[in-house]
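Geometric and topological summary
Residues per chain, in single letters:
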Amino acid sequence: VQLQASGGGVVQAGGSLRLSCAASGRTFSRYGMGWFRQAPGKEREFVAAINWMGGTTSYADSVEGRFTISRDNAKNTVYLQMNSLKPEDTAVYYCAVDPTLETEPAVMASDYDYWGQGTLVTVSS
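Please read all numbers here as calculations on a predicted model, not as lab measurements. (Residues numbered from 1 in each chain as written. Predicted model: local features only at pLDDT ≥ 70, side-chain atom pairs only at ≥ 80, totals over all residues. Heavy atoms only, no water.)

Comments concerning the sheet that holds strand S8 (residues 77-82)
Quick reminder of the rule: The rule for pairing is simple: two strands pair if DSSP sees at least two bridges between them. Elements are defined by DSSP. Helices are runs of H or I of four residues or more, strands are runs of E of two residues or more, and each kind is numbered from the N terminus. In this analysis an axis means a line fitted to C-alpha atoms, helices contributing only their contacting stretch, and an angle means the value between N-to-C directions, from 0 to 180 degrees.
The strand order across the open sheet built from four strands is S1-S3-S8-S7, with neighbouring strands paired in antiparallel fashion. In this open sheet, the two edge strands, each paired with only one partner strand, are strand S1 (3-6) and strand S7 (67-72). Strand-to-strand twist of the sheet, defined as the mean angle between neighbouring strand axes without regard to direction, takes the value 15 degrees. Where S7 and S8 come together, six bridges link them in antiparallel fashion.

A few points about the packing of aromatic side chains
The line we're drawing: Between the rings of Phe, Tyr and Trp (Trp by its six-membered ring), a pair exists once the centres lie within 6.5 Å; its type follows the angle of the planes, with under 30 degrees stacked, over 60 edge-to-face, and the other angles tilted. Counting as a charge over the ring demands two things of the Lys NZ or Arg CZ atom: a distance within 6 Å of the ring centre and an angle within 35 degrees of the ring normal.
In the structure shown here, the tally under the stated rule is five aromatic pairs. Feature note: the residues Phe36, Phe46, Tyr112 and Trp115 constitute an aromatic cluster, connected by ring pairs. Above the plane of the ring of Tyr94 lies Arg44, whose end atom (NZ or CZ) is 3.9 Å from the centre. The ring of Phe28 has Arg71 lying over it, and the distance from NZ or CZ to the ring centre is 4.6 Å.

Notes on the state of the cysteines
The criterion, for reference: Criterion for a disulfide: a pair of cysteine sulfur atoms within 2.5 Å. Buried means the residue's accessible area, taken with a 1.4 Å probe over protein chains only, is under 20% of the maximum for its type, while exposed means over 50%, and partly exposed covers the values in between.
On inspection of all chains with the given rule, the structure shows one disulfide. Here Cys21 is linked by a disulfide to Cys95, with a sulfur-sulfur distance of 2.0 Å. Disulfide Cys21-Cys95: torsion about the S-S bond near 60 degrees, hence right-handed. A residue pair is termed long-range when its members are at least 10 positions apart, and Cys21 in strand S3 (residues 17-23) and Cys95 in strand S9 (residues 91-98) qualify at 74 residues. Across this residue pair, the class does not change: Cys21 and Cys95 are buried.

Some points on the pattern of salt bridges
Selection rule: Salt bridges are identified by distance alone: a Lys or Arg side-chain nitrogen within 4 Å of an Asp or Glu carboxyl oxygen.
What the rule picks out here adds up to three salt bridges. Measuring nitrogen to oxygen at the nearest pair gives 2.6 Å for the salt bridge that ties Glu45 to Arg37. For Glu45, a relative accessible area of 35% translates into the label partly exposed. Taking the shortest distance from any N to any O, the salt bridge between Asp89 and Arg66 comes out at 2.8 Å. A residue pair is termed long-range when its members are at least 10 positions apart, and Asp89 in the loop between S8 and S9 and Arg66 in the loop between strand S6 (57-59) and S7 qualify at 23 residues.

Notes on the nonpolar core
Nonpolar side chains in soluble globular proteins generally cluster together in the buried interior. Put simply, the rule reads: We define the nonpolar core as a collection of buried residues of types Ala, Val, Leu, Ile, Met, Phe, Trp, Tyr and Cys that are connected through side-chain atoms lying within 4.5 Å of one another.
If you look at the biggest cluster of nonpolar residues, it comprises 36 residues, and the most contacted ones within it are Met33, Trp35, Leu80, Met82 and Tyr93. Among the elements of the structure, S1, S3, strand S4 (32-38), strand S5 (45-50), S7, S8, S9 and strand S11 (119-124) are those that each provide at least two residues to this core.

Looking at the environment of Thr56
The following threshold applies: By definition, residues are in contact when any of their heavy atoms lie within 4.5 Å.
Relative to the helices and strands, Thr56 is located in the loop between S5 and S6. Distance in space between the C-alpha atoms of Thr56 and Arg26 is 21 Å, their sequence separation being 30 residues. Residues contacting Thr56, with those up to four places away along its chain left out, are Ala49, Ile50, Asn51, Thr103, Glu104 and Pro105.

Section: the side chain of Arg37
This is how the line gets drawn: Any N or O atom pair separated by 3.5 Å or less is treated as a polar contact, with the protein-specific requirement of one donor-capable and one acceptor-capable atom, and with residues adjacent in sequence counted only for side-chain atom pairs.
Its location among the elements puts Arg37 in strand S4. A distance of 2.6 Å separates a polar atom in the side chain of Arg37 from a polar atom in the side chain of Glu45. A distance of 2.9 Å separates polar atoms of two side chains, one belonging to Arg37 and the other to Asp89. Filtering out sequence-adjacent residues up to four positions away, Arg37 remains in contact with Glu43, Arg44, Glu45, Val47, Ser62, Val63, Phe67, Glu88, Asp89, Ala91, Val92 and Tyr93.

As structure tokens, then:
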């Protein structure tokens with residue numbers, strides 16, 4: 001599985017961005033998908049996840065109510081809509097694949113087998 005993340009950039013606090021992650025492979029609809037982020041000098045942290053059926057999502061407390069994860073299986077793509085961005089959201093954002101058919105979205109990085117290259121989001125104050 002190959003993942004290509006895009007959509008990062010520089011935005012002012014309060015602004016919005018939408019990240020996309022395109023996946024290769026014919027079984028995308030059977031993958032759980034997640035977004036993680038890593039800020040400079042910090043460990044990678046969970047942001048959001050969606051199960052393979054697309055009906056269940058999970059969010060980190062820090063982004064709940066501001067970020068929305070969604071998927072389009074026809075386009076083999078998962079999205080992360082980020083609104084009301086804060087400077088502390090600045091990080092490299094990674095998408096990842098959980099190939100197990102779990103009902104609940106995985107929130108641990110160790111549950112994900114494939115990772116994209118990351119896209120940088122910078123939020124200025």
